[in-house]
Amino acid sequence: MVENEHLRQEMRRCEGELQELRAKPRSPCQACEHSQESAQLRDRLSQLQLEVAENKGVLSELNLEVQQKTDRLAEVELRLKDCLAEKAQEEERLSRRLRDSHETIASLRAQLPPVKYIIKTVEVESAKTKQALSESQSHSQHLQEQVAMQRQVLKEMEQQLQSSHQLTAQLRAQIAMYEAELERTHGQMLEEMQSLEEDKNRAIEEAFTRAQVEMKAVHENLAGVRTNLLTLQPALRTLTNDYNGLKRQVRGFPLLLQDALQSVKAEIGQAIAEVSSDNQELLRKYRRELQLRKKCHNELVRLKGNIRVIARVRPVTKEDGEGPEAANAVTFDSDDDSIIHLLHKGKPVSFELDKVFSPGASQQDVFQEVQALITSCIDGFNVCIFAYGQTGAGKTYTMEGSLENPGINQRALQLLFSEVQEKASDWEYTITVSVAEIYNEVLRDLLGKEPQEKLEIRLCPDGSGQLYVPGLTEFRVQSVEDINKVFEFGHTNRTTEFTNLNEHSSRSHALLIVTVRGVDCSTGLRTTGKLNLVDLAGSERVGKSGAEGSRLREAQHINKSLSALGDVIAALRSRQGHVPFRNSKLTYLLQDSLSGDSKTLMVVQVSPVEKNTSETLYSLKFAERVRSVELGPGTRRAELGSWSSQEHLEWEPACHTPSARAHSAPGSGSSSRPGSIRRKLQPSGKSRQVPV
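The structure presented is a predicted model; accordingly, all values stated were derived computationally and were not measured.

A. Main features of the environment of Y588. Within the secondary structure layout, Y588 lies in helix α11 (residues 585-589). Judged by its relative accessible area of 12%, Y588 is buried. Each C-alpha atom of the pair Y588 and L467 lies 8.7 Å from the other, and the pair is 121 residues apart in sequence. Filtering out sequence-adjacent residues up to four positions away, Y588 remains in contact with I457, L467, F581 and R582.

See below:
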């Protein structure tokens, strides 16, 4: 139908053109090349005429300039005449003064001889005559001075007359020069006008000749076009016949089109259904393969002993403020929960970790990811979980949580209690807890009587190569209530301060050390597992946190220890022979967890807002480096035999920690009273050495 309508319009247009040509047989064609060239020539002729007009304007300007110079020359001549008249008058005045001076001099000369004669003749006369003689001499001297002055004036007048003659000669030379320049300019102007006139005539003649030739060619082309139009009539009749045939075919086209559309719709619907079914099957297979890949990857990580790394993004809070700096710069992959995307300075950066938790993830979701690692410490493995990230990223919340929503620390101990109760028929377990912190590169016991006491890290004397902290307090816990009391006591002694980045900023690295000792009642097999839960202090920029004084010193120690941790990770990643564990108390304390005899997991906490993208980028890059470290498979610590020392409880009054509460030892029969729970293992009367 569209093609039919197009042919109909073209036929109407051809008929209209044919009628116009018949009505105007001698009118020139509109789209002919020669007509266009003729128009171009006309435009060229008009341009030349404009140029001639411009040249005439230039010529008139030159004439005006010549007239102005002529007027100026006449004015100079008038001024010269005035100057000459003034000079003549001045010369006449000077000549009169000169004549007067000559006359005065002549008269004075005529009077001088009698005076001399009188002087000679009256030289011997009386005093009165001498007085008259002196007066005559003074008068003669005065007349001589006047004569000298008149001569000087005459000389000056002659000099002025000579300078006037020189000035007159200069003015006449300038007038002659102006006249020569005027004649030369007039001649050049006449030559330019003549050349412009010749160019104009030549251009007009050339344009006229070219226009005649082009008009002749246009007439010839017009005759050819008329001949072609006469041959178009048979073609038009043929086109009309074809159009009638197409019209007859188009009458039955709607029915054919409707049938074709129905069949095509049916085929497309069937294809869409098949593709949708295939897509669902492929999606199901992809998800299954993704789960299988993650399972295989986790198993490979377990066999290699890689440090597992999970990331958790905290939600945007009101403390982040408003505006562009508080915009969300972190996105997630909907198909893969191990990918995180960061928009840093307008450029997207992607990172792949073992697991990524969005801001909507709960504490239970995070704990489910690590609970399998925690339960392995019951079987005699060493486990280390540490939280890393900038200040205010949520590390303490993930590790400790709140009373209503506890974190990994309390949930881990609850899980251990439930596992111990399930195995109570075959195994006998003892769970002890120690809490320590590293503040300004000083290791402190948060459960001891003196939390400010400085502790040291030592090698075990048994030759095992493990580290221990002499004097570190251990509490035996048997219920959730015991856990809450220990956590409350330890949290009270931990160092926190207010900064610009966090209202309760942790100013130290906190370590919760859980030791699980088990005995198989049937075989006597003894296992010892340790769970180190570490809440690292946050890295911070002093300019942002506003730390000053002691806060500044704390920030420097924190950044130094975290830098040392980065050096240790770099050395482990590149498999260097020497790993600088002793550069910091933090890395020295984590040596057992990072040297291949432990299952280690890092929780990297990041902030999603735009103003913290630099710190977030650094944390995620550090997490990728940590993820590539291979520590080797963890070793189970189990042995057959008896305990080398006997455990007992030591109860002390709460003189130092009134917020804690004392518990009686099982089977001792002593009643509970307010106080501090302190449990020490004392082999042979000495305090027990607690391995880290």
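B. Representation of the packing of helix α5 (residues 363-375) against helix α7 (residues 408-422) in the model. Closest axis-to-axis distance for the α5/α7 pair is 10 Å, and the angle between their directions is 50 degrees. The angle between the axes of α5 and α7 places the two elements in the oblique class. The crossing of α5 and α7 is right-handed. Residues Q363, Q364, V366, F367, V370, Q371, I374 and T375 of α5 form the contact with α7, whose own contacting residues are I408, R411, A412, L415, L416 and E419. Residues that form the contact of α5 with α7 fall into these classes: eight nonpolar, four polar and two charged.

C. Up close: unusual backbone geometry. The phi torsion at K345 lies on the positive side, around 55 degrees, for a residue other than glycine. Within the secondary structure layout, K345 lies in the loop between β3 (339-344) and β4 (347-352). Looking at K345, the relative accessible area reads 69%, which means it is exposed. Even without a glycine there, the phi angle at N440 is positive, about 55 degrees. With respect to the helices and strands, N440 occurs in the loop between β7 (427-439) and β8 (442-445). Here N440 falls in the buried class, since its relative accessible area comes to 17%.

D. Summary view of the nonpolar core. In terms of nonpolar packing, the biggest core is built from 51 residues, with Y388, L443, L536, L594, M602 and V604 touching the most fellow members. Among the elements that line this core, the one with the most residues is helix α10 (residues 550-573), at seven residues. What L443 contacts, discounting residues up to four positions off in sequence, is A436, E437, I438, E453, K454, L455, I457, V469 and L589. Within the second largest apolar cluster, 41 residues are counted, among which are V366, A387, V516 and L601.

Rules and cut-offs
- What you see as residue numbers is a count from 1 along each chain, following the sequence as written.
- Local features are withheld for residues below a pLDDT of 70 in this predicted model, meaning they are given only at 70 or higher, and side-chain atom pairs are given and counted only at 80 or more; totals for whole chains, interfaces and linings count all residues.
- Hydrogens and waters are ignored; side-chain quantities use all the structure's heavy atoms.
- Helix and strand assignments follow DSSP, with helices taken as H or I runs no shorter than four residues and strands as E runs no shorter than two, numbered in order from the N terminus.
- Burial status follows relative accessibility: with a 1.4 Å probe on protein chains alone, a residue under 20% of its type maximum counts as buried, one over 50% as exposed, and anything between as partly exposed.
- Note on contacts: a residue pair qualifies if any of its non-hydrogen atoms lie within 4.5 Å across the two residues.
- The axes are straight lines fitted to the C-alpha atoms, using for helices just the contacting stretch, and the angles between their N-to-C directions are given from 0 to 180°.
- Convention used here: angles under 35 degrees read as roughly parallel, angles over 145 as roughly antiparallel, angles from 65 to 115 as roughly perpendicular, and any remaining angle as oblique.
- Handedness of a crossing is defined here by the sense of rotation of the near helix relative to the far one, left-handed for an anticlockwise turn of less than a right angle and right-handed for a clockwise turn.
- Ten residue types, Ala, Val, Leu, Ile, Met, Phe, Trp, Tyr, Cys and Pro, are classed as nonpolar, four, Asp, Glu, Lys and Arg, as charged, and the remainder, Gly among them, as polar.
- In this text, buried Ala, Val, Leu, Ile, Met, Phe, Trp, Tyr and Cys residues form a nonpolar core when linked through side-chain atoms within 4.5 Å.

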